[in-house]
Amino acid sequence: MILYPIKKIRLDFPILSTLMNSYPLAYLDNAATTQKPNIVIDSQSYYYKNECSAAHRSVHSLSSISTNHIETVRTYIAKFINTSIPEEIIFVKGVTDAINFIANSWGRNFINYGDNILISAMEHHANILPWQNLAKEKKIELNYIPLLPDGSLNLSKLSELINRRTKLLSISHISNVLGIINPLTEIIDIVRTKSNARILIDGAQGIAHQKVDVQKLDCDFYVFSGHKIYATYGVGIMYGKYELLNTMDPWVVGGGIVKNVSLTQEPTFVDIPWKFEPGSPDVSGIVALGNAVKYINTIGIKNIYNYENQLISYAINTLKQQNLHLTLYGSDCNKSSIIAFNLKSYDSYDVGMLLNQYGVAIRTGHHCAIPLMNHFQVPGMCRASIAMYTNKDDIDQFIHGLNQIKHLFHA
Ligand SMILES: Cc1ncc(COP(=O)(O)O)c(C=O)c1O
């Protein structure tokens, strides 16, 4: 193992020292949501005890504190993913919100009958359904990059699926089921050569595990949810290239985004990014996101990536050595942070329920990716997913639990 302050990190996450069913908690459901460090948890009560006030609304001191928090975090996130200017960062509720926003604000206006959209067969429903809705409404062709038997993208088909009428490629950075890291640079190169399509990256699973540089990547949109990178629920980020955001109108409208509203004329809106942030913002959630990113930066995203890579290799190699009758999905691909499996033909729910008895929290079912389940012809899978605080003991406890279950089922 590389030198990595795992003991210190674990102490910063209070929930990790709790028990589940009398066992130490082995939390392996990090792809669903991550746990929160003290710096995030404490910032919430500090904000509500000392600073609570509506941002962008009033002239009093408390309100300025809230406004400053939002703009400071915006700048901080802009640096984290290397946008060219902070105005390219829009606060949203999360990935679901962001993709629906892009589909409705940009998609409805810039994709028309005869055009086509490309996504892949491994996407989360949040990156399928908004495009299916749009395709149906505007009679747009929706195509899917097919998968190879191991669950990775069949990139030999990519060129055939792109043409001059392709207006958008929307694809996940890392698969939420298999943990496969999609080769974004290669994909973006192909798309840019063959079309003028816009490129949207669903970063829900990527942002916590890999360094993201949106300028280097040259994507048009990159979206992620705060709760999957150690911040709280309800706040996420939509990055969009400035020139592109400038062509878009608000989708959700209301207070805080207008220059003028009249009873007889069209409204006029404030500038980007504020025109896309209607209503009272979740200031404490934004503060939490800033603190979560600060925390990640103190450890270093590259160190986290290297540490997690070693841990996931250890887990997969150990699992393969056990006589567990596991089917592992996508385990030999270029992957990060996730192990997807089934134990014989046992229902994933049963395996998850039993692992819970041994203090191990995993996710079961279709993982909001039914087309991917259909690809493997299974109704569901078990998914163990790690984070920066997962340690070898968690993995060993998980494997011990699987061995116990195997004996139970054989009894
Ligand atoms: C790849 C991917 N996309 C989108 C989402 C939706 O994210 P949220 O529920 O935070 O909006 C998830 C959540 O699991 C995901 O893993």
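In every chain, residue numbers begin from 1 and rise along the written sequence. It should be noted that, the model being predicted, local features are given only for residues of pLDDT at least 70 and side-chain atom pairs only at 80 or more, the latter also being counted only at that level, while totals for whole chains, interfaces and linings use all residues. With hydrogens and water set aside, each side-chain value is computed from the structure's full complement of heavy atoms.

In the annotation of an unreviewed UniProt entry, the entry for the protein chain reads Cysteine desulfurase, and the organism field reads Blochmanniella floridana. UniProt positions are given in the numbering used here, feature names are shortened, and annotations may be inferred rather than shown by experiment. On record in UniProt, under Sequence similarities (unreviewed entry), the comment for the protein chain is "Belongs to the class-V pyridoxal-phosphate-dependent aminotransferase family. Csd subfamily." Among the UniProt annotations of the protein chain, the heading Cofactor (unreviewed entry) holds the following wording: "pyridoxal 5'-phosphate".

A.B. asks: Teacher, can you tell me more about the overall build of the protein chain here?
C.D. replies: Looking only at helices and strands, the protein chain features 14 helices and 17 strands. Taken against the 2.2 N^0.38 rule, which gives 22 Å for 411 residues, the C-alpha radius of gyration of the protein chain at 22 Å falls within 12% of a compact globule. Along the first, second and third principal axes, the C-alpha atoms of the protein chain reach 75 × 55 × 35 Å. Burial status follows relative accessibility: with a 1.4 Å probe on protein chains alone, a residue under 20% of its type maximum counts as buried, one over 50% as exposed, and anything between as partly exposed. Looking at the protein chain as a whole, 56% of its 411 residues qualify as buried. Whether two residues are in contact is decided by their heavy atoms: any pair within 4.5 Å suffices. For the protein chain, contacts bridging at least 24 residues in sequence account for 72% of all contacts bridging at least 6. Per-residue and other accessible areas follow the Shrake-Rupley method at a 1.4 Å probe size, with only the shown protein chains counted as cover for residues. Entry remark: accessible area of the protein chain is about 17,700 Å², with carbon and sulfur atoms responsible for 53%. None of His or the chain ends enter the tally, which takes Lys and Arg as positive and Asp and Glu as negative. To locate a charge, take NZ of a lysine, CZ of an arginine, CG of an aspartate or CD of a glutamate. Measuring between centres, the 35 positive side-chain charges of the protein chain sit 1 Å from its 33 negative side-chain charges. In this text, helices come from DSSP runs of H or I with a minimum length of four residues, and strands from runs of E with a minimum of two, each type numbered from the N-terminal end. C-alpha atoms define the radius of gyration, and 2.2 Å times the number of residues to the power 0.38 defines the globule rule.

A.B. asks: Could you clarify how one ought to interpret the site of the ligand in this entry?
C.D. replies: One heavy atom suffices: a residue is near a molecule or strand as soon as one of its heavy atoms comes within 4 Å of it. Near the ligand the following residues occur: V95, T96, H124, A126, N176, D202, A204, Q205, S225, H227 and K228. Between V95 and the ligand, the recorded distance is 3.4 Å, taken from a backbone N or O atom to an oxygen atom. Identification of polar contacts relies on pairs of N or O atoms within 3.5 Å, with a donor-acceptor requirement for protein atoms, meaning one able to donate a hydrogen and the other able to accept it, and with residues adjacent in sequence counted only if both atoms are side-chain atoms. Q205 is positioned with one of its side-chain polar atoms (N or O) 2.7 Å from an oxygen atom of the ligand. Burial of the ligand by the protein amounts to 85% of the accessible area it has alone, namely 390 Å².

A.B. asks: Is there a simple way to explain the side chain of H173 in this structure?
C.D. replies: Checked against the element boundaries, H173 lands in the loop between β7 (166-172) and α7 (184-194). Looking at H173, its side chain comes within polar contact range of the side chain of Q210, at 2.8 Å. Here the side chain of H173 touches Y222 through a polar contact of 2.8 Å, side chain to side chain. Not counting the four nearest positions on each side in its chain, H173 is found in contact with I180, I181, N182, L184, I201, D202, G203, G206, Q210, V212 and Y222.

A.B. asks: Honestly, empty space enclosed by the protein in this entry has me stumped. Any pointers?
C.D. replies: In this approach a probe as big as a water molecule rolls over the atoms, and the regions it shows empty are the leftover space. Each cavity reported here is a set of points on a 1 Å grid over the protein atoms alone in which a 1.4 Å probe fits but cannot get out, each pocket an open set with protein on both sides within 12 Å along at least five of seven lines, and each lining residue one with an atom within 4 Å of a point. Grid points are joined across faces, edges and corners, and a volume is the space filled by probe spheres set on the points. Scanning the model with the defined rule gives 1 cavity of 30 Å³ or more in all. Considering only enclosed or pocket space, the largest cavity measures out at about 40 Å³ in volume. Forming the boundary of the largest cavity are H209, Y305, E308, N309, I312, S336 and S337. The class makeup of the residues in the lining of the largest cavity is 2 nonpolar, 4 polar and 1 charged. Gly falls in the polar group here, along with every residue not listed as nonpolar (Ala, Val, Leu, Ile, Met, Phe, Trp, Tyr, Cys, Pro) or charged (Asp, Glu, Lys, Arg).

A.B. asks: Which parts of the structure should I look at to understand the pairing of strand β8 (residues 198-202)?
C.D. replies: Side-chain positions along a regular strand alternate between the two faces of the sheet. Among the 5 residues in β8, 4 count as buried, and that is most of the element. For two strands to be treated as a pair, DSSP must find no fewer than two bridges joining them. As defined by bridge partners, β7 adjoins β8 across 5 bridges and the pair is classed as parallel. By the bridge assignment for β8, S172 is matched with D202. Remark: the β7/α7/β8 crossover connection has right-handed handedness. By convention, a crossover is right-handed whenever its connection, traced from the first strand over the helix to the second and viewed with the strands pointing away, goes clockwise.

A.B. asks: Any chance you could explain unusual backbone geometry here in plain terms?
C.D. replies: Most peptide bonds adopt trans geometry, and most residues besides glycine take a negative phi value. Residue P273 follows I272 across a cis peptide bond; omega there is 5°. Inspection of the secondary structure puts P273 in the loop between β12 (268-269) and α10 (283-299). Positive phi values are uncommon outside glycine, yet N21 reaches one of about 50°. Summarising the element assignment, N21 is placed in the loop between β1 (19-20) and β2 (23-24).

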